Amino acid sequence: MIYVFDYATLKLIWWVFVGVLLIGFAVMDGKDLGLGTLLPFVGRSDDERRVMLNTIGPHWEGNQVWFITAGGATFAAWPLVYATAFSGFYVALILTLFALFFRPVGFDYRSKVPDPRWRNAWDWGIFIGGTVPLLVFGVAFGNLLQGVPFHFDQDLRVHYTGSFVGLLNPFALLAGVVSVSLLAMHGAIYLQLRTEGAVLRRAATAGRIAGSVFIVTFAGAGAWLVMGIEGYAITAMPPANSAFMPLAKTVAHGPGSWLRGAPLHPWTVIVPLVGIVAALLALAASRRRAMLAFVLSATAVVCVVLTAGFALFPFVMPSSTDPRSSLTLYDSVSSHRTLQIMFWATLIFLPLIIAYTGWAYRVMRGKITERQVREAGPALY
Amino acid sequence: MPDLDVVDLSRLQFATTALYHFLFVPLTLGLSWILVIMESVYVMTGKEIYRDMTRFWGKLFGINFVMGVATGITMEFQFGTNWAYYSHYVGDIFGAPLALEGLMAFFLESTFVGMFFFSWDRLTKVQHLLVTFLVALGSNLSALWILIANAWMQNPVGAEFNHETMRMELTSFYDLLFNPVAGPKFVHTVAAGYVAASVFVLGISSWYLLRGRDPSFAIRSFAVASGFGLASALSVIVLGDESGYSTGEVQKVKLAAIEAEWETEKPPASFTVFGWPDQKAEKTHFAIKVPWLMGLIATRSFDTPVAGIKDLKHEHETRIRNGMLAYAALQRVRGGDRSAEALAEFNRRKSDLGYGLLLKKYTANVVDATPDQIRSAVADTIPNVAPLFWSFRIMVALSLWFLFLFVAAFVILARRRLAENRWLLRVALWSIPLPWIAMSLGWIVAEYGRQPWSISEVLPTHLSVSTVTVGQVWFSLAGFVAFYTALLVVELYLMFKYARLGPSSLGTGRYHFEAAAVPLKGAV
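Residues numbered from 1 in each chain as written. Chains lettered and ligands numbered in written order. Predicted model: local features only at pLDDT ≥ 70, side-chain atom pairs only at ≥ 80, totals over all residues. Heavy atoms only, no water.

## Quick look at the overall build of chain B
Inference 1: Regarding its fold elements, chain B presents 17 helices and six strands.
Inference 2: The C-alpha atoms of chain B give a radius of gyration of 26 Å, which matches the 24 Å a tight globule of 524 residues would have.
Inference 3: The C-alpha extent of chain B, read off along each of the three principal axes, is 90 × 50 × 40 Å.
Inference 4: Across the 524 residues in chain B, those meeting the buried criterion constitute 61%. (Helix = DSSP H or I, 4+ residues; strand = E, 2+ residues; numbered from the N terminus. Rg over C-alpha atoms; globule rule 2.2 N^0.38 Å. Buried < 20%, exposed > 50% of the residue type's maximum accessible area, 1.4 Å probe, protein only.)

Given below as C-alpha cells:
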C-alpha cells in the first residue's frame, strides 16, 4: 500500500476530521435540536408549531446523520475513544439515546393524528429529544476538560471508576447550560430566517434570551477553566510516527491551566473571543439580515467546538485517576492503513454530502407561513 | 475477567435491539424500490393514479422509516456502550464499514427521504423520481456496508493480530470488501427485505380488493407487488443456497449445527429434513434424511466431506491447546522479550490465539487450564443445535411458501382470475406477518450460530463486553424494551389506521371515503 501521508500527519488529519464532523453535527443538527428546545415556548398554537417543524421538515433526517457519522468515524479512526467514552459515560449516553428516540417518530407521527392531546404530547417528546442530548453533550465536554476517572489494564481493557452522579459536577453542568443556550440561540436565529409574524417575533425574543445566557455562561466557563481547572500535559511519549497505545506515554496532571498545559498555538486564545463576538453580532443582525445572522451564529457554534478541541489538544479524553491512560490523538487511533483508507473516503464523500445537502436547502428555501401549513393539510408535517 | 451476567444481559440487549431494528429495515429496503417502480410508471405514462400510489405507499413507508432510524441510532452506538473491548480489539477493521455506511449511504438516504415527502411541487417529475431512486439506493447501500461488517464477524478476512497494540488490524481492505461471505449475505438479506415489502403491499392491496374498495388502485398495487415479489422470492432462495455454500466453506460449525450433523458422513452427505436433535447424546432422534442433498448444497461436489460436530470438536481441542501456547508466547512478547525466537514462536501459533482466549471464561491465566476446563471450552465451541436446526427449517419452509404465494398471485393476476380466487386474497392478507418471522429466524441462525464467538475464531463473545455493572445493563435493557415496545404499539396503530384509510388519506378527493365529498378539492 502506498502511503501519501506518514502516520503522524494522518493522526493529526484525523483530529481535524473528527472536529469537522462534530462541527457539522453542531451547526446542522444542533439547530434542529435547539429548535426542539424552543418548540413548546415559541409555538403557542398548533399551526405555529407546524410552521416551526416544517422549517426543518425536509432536513432533520439528513442533519441527524452528522451525529451517526461522527459516531461511526470515531469508531473507525479512534476505536479506543469510541470504546472508552461510550462505555464510561454509559448511563448518560443511554439516556441520550432514549431521548433521541422521540425525534424521528415525533416529527413524523405528530401530524398523523389531529387530536390536540396527541400533538401536544409529541411536542414535549421533541422538546426532550432536543434538550436532553444537548445537555448531555455539554456535560460530557465539561467532564472531558476536567479529566474522567478511568484506566486501562494490561490487556487494554478499560475500567471506568466514576459514577453517573459524578458527571453532574458544577463545571460540567455549566458546560451543559452553555451547550443548550448556544444551540437554542442558533435554532432561534434559523427560525427568524424561515418564518414570519408571531413565530418570528417570539423566536427573536427567545434568541436574545438564549444568546445572553450563552455569552455569560461561556465567558464564565472560560474564566473557570483558565483559573480553576487542573490541566494535563504529555511529558514523554514514543515518536508520533509509531504505533503505540495509551500506557506507553507519561502525563503530568496538576495545577496550571489547560491553556498552559496544552499549548497548541498562542493564537488559539482568540477563538473563544471570536465566538462571543460572533454571537453578539448575530443577535444584532437577526432583525434585519437574517441570513447574515445565521452565518454569524454558525460561526459562534464553530468557535465553541474549536475552543473545547483546542483546549484539550492533543488530548481527547484525559484520565483523572491514571493520567498515562489518557486518550490522545496519537495513541487512541487506528492503524496507518485504516486511517489512510478512511481519509480518502472522507475526502471524497464529505464534499458530496455538503453539495447535495445544499441543493436540498436551496430547493426548499423560502418562508413557511401559517397559511401555507393550513392549506397543505396532510402534505406537510 | 468480565462478569458473566453482564455478558448474558449485554447479549440479550443486543439481540433484542437488533431484532427490533430489523422489524423496520426490511420494509425500508423493499418498499423504496416499489416506490421507484410505481413512480417510474407515473413518469412514463403520466397517469395520476401511479403518483397517488407512490404517495400512499410512501406514507406507509414514512411511518415505518422513522422507526428504523430511531432504533438504528442505538445500533451505531451500542458497540461502544456495551462491547467496549470488542470495539478496541477489532475497531480498526469493523469501524471502517460503519463509518463508510454513514458517509456513503445513510447521508444519501436521509437527505433525500425528506425531499421525497416534501418536494413534490418543487421538482420536475424526473427530478423527483431521481430523489426516490436515491432514497432506495442509499438504503440498500447502507445495508451493503452493514452486511460487509457483519460478514467480517462471521469470516474475519484481511486482518491480523498486532501484539504491540493488542488488537486486530486491517491488512487488506480489498479482502474486507470482497469477503466471500459478504456478497451472498447482502443479496440474500436485501432480497428478503424485498419479499417482506412485496408481501406487505400484496396483502394490503388484497384487503382492498376483498372489500371492493378503490379496485383500480388496489389491482395496480397488487400487480407491482406480485412481479417484484416473485423475482425477490426466487433470489432469496437462490442466494440463500449460495449463502449455504459459502457457509460450508468457512463456517463449518454453524453448518454442522444447522444440520445437526454429529458424525462426518461419507460424501456426498445427506440432508436431515426433520428430526429431534439431542445435544447431550450427540444424536438426532427420528431423523428423516434425503441422501446426497447436503453434500451438494454445501460443497457443490460429490466427493468433499461435510465435517460433523464430533470431528469438529476434536479439531477444536487441538486448536485450544495450541491457543494456550499462543497465549503463553504472547505473554512472553508483551513482557518485553522481543527476541526473534520469541516473536517467531508467537507468529507460528497466533492463528489459534482466539481459541486460547476461550479458556479465559474458566481461568484468567489461560496457560494453567485443567483438562476439565479444556473439555468445557471445547463443548462451548458448539452452539446450541436445536434452536438453529428448527429456526433454519422454519425459515426455509416460509421462503418456499412465499415463492408459492407470488407464483400464484402472478399467474392468477395474469389470467385475470382474481375475482374467482378470493382465497388468494385472503391468504395474501394473512401472510403479511410471515416474512418478519422468517427474517428474525434467519438472523437467529446467523448470529446465535456464530457463538461462542463475537468474531469467529478470533474473539470470544464473553471477552467482548464493556466493564459496566449488571445494574447499568438492566437499566438500559429495561429502557430499550419499554421504549421500543411503546413506540412499536404507536407505529402499528398508525400503520393500521392509514392502511385502513387507504389512498383516501391523500386528500385528493378521488378515493373511496371521499366519494361523497368529491367537489371539495382536487377533483378536477
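Past the structure itself, the notes keep going.
## As for the environment of A:His186
Residues and elements named next belong to chain A.
Inference 1: By secondary structure assignment, the location of His 186 is in helix α8 (residues 170-194).
Inference 2: Along the chain, His 186 and Ala 26 lie 160 residues apart, while their C-alpha atoms are 9.7 Å from each other.
Inference 3: Each residue touching His 186, except ones within four places of it in the same chain, is listed here: Ala 26, Val 27, Lys 31, Phe 294, Ser 297, Ala 298 and Val 301. (Contact = heavy atoms within 4.5 Å.)

## Looking at the environment of B:Thr74
Inference 1: On the secondary structure map, B:Thr74 appears in helix α2 (residues 48-82).
Inference 2: By relative accessible area, B:Thr74 is classed as buried at 1%.
Inference 3: Spatially, the C-alpha atoms of B:Thr74 and B:Asn179 are 26 Å apart, while their sequence positions differ by 105 residues.
Inference 4: Each residue touching B:Thr74, except ones within four places of it in the same chain, is listed here: A:Leu97, A:Phe101, B:Thr17, B:Phe480 and B:Tyr484.

## Describing helix α8 (residues 252-259) of chain B
Inference 1: In terms of burial, α8(B) is a largely internal element, seven of the eight residues being buried.
Inference 2: A positive backbone phi angle near 50° is found at B:Ala260, which sits one or two residues after α8(B).

## Concerning the pattern of salt bridges
Should their charged atoms come close, side chains of opposite charge can pair.
Residue and element names in this part refer to chain A.
Inference 1: For the structure shown, the criterion picks out 33 salt bridges over all chains.
Inference 2: Close ionic contact of Asp 32 with Lys 31 constitutes a salt bridge, the shortest N to O distance being 3.0 Å. Assigned by exposure class, Asp 32 and Lys 31 land together as buried.
Inference 3: The closest approach of N and O atoms between Arg 49 and Asp 123, which form a salt bridge, is 2.8 Å. Note that Arg 49 is positioned in helix α2 (residues 46-56) and Asp 123 in helix α6 (residues 116-146), a separation of 74 residues in sequence. The same class applies to Arg 49 and to Asp 123, which are both buried. (Salt bridge = Lys/Arg side-chain N within 4 Å of Asp/Glu carboxyl O.)

## Some details on the interface of chain A and chain B
Inference 1: Each partner contributes to the interface: chain A provides 75 residues, whereas chain B provides 82 residues.
Inference 2: Between chain A and chain B, a total of about 7000 Å² is buried, with carbon and sulfur atoms accounting for 73% of that surface.
Inference 3: Three residues, A:Tyr90, A:Phe101 and A:Arg157, lead the burial of chain A against chain B; their summed loss comes to 11% of the area buried on that side.
Inference 4: One can count one salt bridge joining chain A with chain B.
Inference 5: The residue A:Asp155 makes a salt bridge to B:Lys360 at a minimum N-O spacing of 3.2 Å.
Inference 6: Of all the secondary-structure elements, those providing two or more residues to the side of chain A that touches chain B are α3 (60-77), α4 (79-88), α5 (90-110), α6, β2 (158-160) and α13 (336-363) of chain A. (Buried area = accessible area lost by both parts, 1.4 Å probe.)

## A closer look at the nonpolar core
Inference 1: By size, the foremost hydrophobic cluster in this structure holds 297 residues, and its most contacted members are A:Trp14, A:Trp78, A:Tyr109, B:Trp57, B:Tyr89, B:Phe94 and B:Phe200.
Inference 2: Those residues in contact with B:Phe200 that lie beyond four places of it in its chain are B:Leu27, B:Leu31, B:Trp57, B:Leu60, B:Ile432, B:Trp436 and B:Met495. (Core = buried A, V, L, I, M, F, W, Y, C linked by side-chain atoms within 4.5 Å.)

## Examining the packing of aromatic side chains
Inference 1: Under the defined criterion, the tally for this structure stands at 69 aromatic pairs over all chains.
Inference 2: Each ring, one from A:Phe75 and one from B:Phe79, has its centre 6.0 Å from the other, and the planes form 40°; the classification is tilted. Of this pair, A:Phe75 sits in helix α3 while B:Phe79 sits in helix α2, each in a different chain.
Inference 3: Relative to B:Phe480, the ring of A:Phe101 has its centre 6.2 Å away and its plane inclined at 50°; by these criteria the two rings are tilted. You can see A:Phe101 sitting in helix α5 and its partner B:Phe480 sitting in helix α17 (residues 470-501), one on each of two chains. (Phe/Tyr/Trp six-rings, centres within 6.5 Å; stacked < 30°, edge-to-face > 60°.)

## Considerations on helix α11 (residues 270-285) of chain A
Residue and element names in this part refer to chain A.
Inference 1: Relative to the 22 Å expected for 16 residues at 1.5 Å per residue, α11 spans 22 Å between its end C-alpha atoms, a close match to the ideal helical length.
Inference 2: Restricting attention to buried positions, one finds in α11 the residues Val 271, Gly 275, Ile 276, Ala 278, Ala 279, Ala 282, Leu 283 and Ala 285.
Inference 3: Residues of α11 that are buried sit in contact with α8, α9 (197-228) and α12 (290-312). (Expected span 1.5 Å × (residues − 1).)

## Structural notes on unusual backbone geometry
Inference 1: The omega angle of the peptide bond from A:Phe313 to A:Pro314 is 0°, so this bond is cis rather than trans.
Inference 2: Cis geometry is adopted by the peptide bond preceding B:Pro452, which originates at B:Gln451 and carries an omega value of 10°.
Inference 3: Along the chain, B:Pro452 turns up in the loop between α16 (434-448) and β5 (453-455).
Inference 4: Positive phi, normally seen in glycine, also occurs at B:Glu282, with a value near 55°.
Inference 5: On the secondary structure map, B:Glu282 appears in the loop between β3 (271-278) and β4 (283-290).
Inference 6: By relative accessible area, which is 18% here, B:Glu282 ends up buried.
Inference 7: One non-glycine residue, B:Glu457, adopts positive backbone phi at about 60°.
Inference 8: In this structure, B:Glu457 sits in the loop between β5 and β6 (459-460).

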